[in-house]
Amino acid sequence: MKKIQVKVCQGTTCYVMGGSGSKSILDTLTEKYGDKIEIISVKCFEICHKQDSFSKAPYVYVDDELISSASLEKVINVIEGKLKNE
Ligand code: FES
């Protein structure tokens, strides 16, 4: 089975805006989904540099789907949706 890629921004803007890359979120995702997902830390998606995008941080990609204002709940909802469609 192909793993779902969860790319988490570890950049300053995303950190300041809610810390989607915080250790507790990463630990929760790893604990809940184990080897069904692959978590990749990214320095900055460069999205935060665009006008109007700053306020929508933090950002997370689940495969090709971009999640803005990414909370743990939002990320889990997208992952669950993908797992149901497999
Ligand atoms: S810091 Fe997250 S997109 Fe730039």
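Preceding this section is the structure that the text describes.
Okay, so let's go over this structure. Model, not experiment: these values are computed from the prediction. (Residues numbered from 1 in each chain as written. Predicted model: local features only at pLDDT ≥ 70, side-chain atom pairs only at ≥ 80, totals over all residues. Heavy atoms only, no water.)

Next up on the list: helix H2 (residues 23-33). Within an α-helix, residues lying three or four positions from one another point in the same direction, as the helix has 3.6 residues per turn. Along H2, the residues classified as buried are Ile25, Leu26, Leu29 and Tyr33. Projection of H2 onto a plane perpendicular to its axis shows the buried side chains occupying an angular sector of 95°, all on one side. Looking at H2, the residues exposed on the side facing more than 90 degrees away from the buried face are Lys23 and Glu31. Its buried side turned inward, H2 meets strand S1 (4-9), strand S2 (37-42) and helix H3 (72-84). Once H2 finishes, Gly34 follows within two positions and takes phi at roughly 50°, a positive value. (Buried < 20%, exposed > 50% of the residue type's maximum accessible area, 1.4 Å probe, protein only. Helix = DSSP H or I, 4+ residues; strand = E, 2+ residues; numbered from the N terminus. Arc of directions from axis to C-beta. Contact = heavy atoms within 4.5 Å.)

Read across the open sheet, the four strands follow the order S2-S1-S3-S4; overall the sheet is mixed. Looking at strand neighbours, the two that pair on one side only are S2 and strand S4 (65-67), the edges of this open sheet. Across the sheet, the mean angle from the axis of one strand to that of its neighbour is 20°, orientation sign disregarded. Looking at chain direction, S1 and S2 are connected through six bridges and run parallel. Residue pairing for S2: Ile4 is matched across the bridge by Ile37. (Pairing = 2+ DSSP bridges. Axes fitted to C-alpha atoms, helices over the stretch in contact; angles between N-to-C directions.)

None of the figures reported here should be taken as evidence of function without further support.
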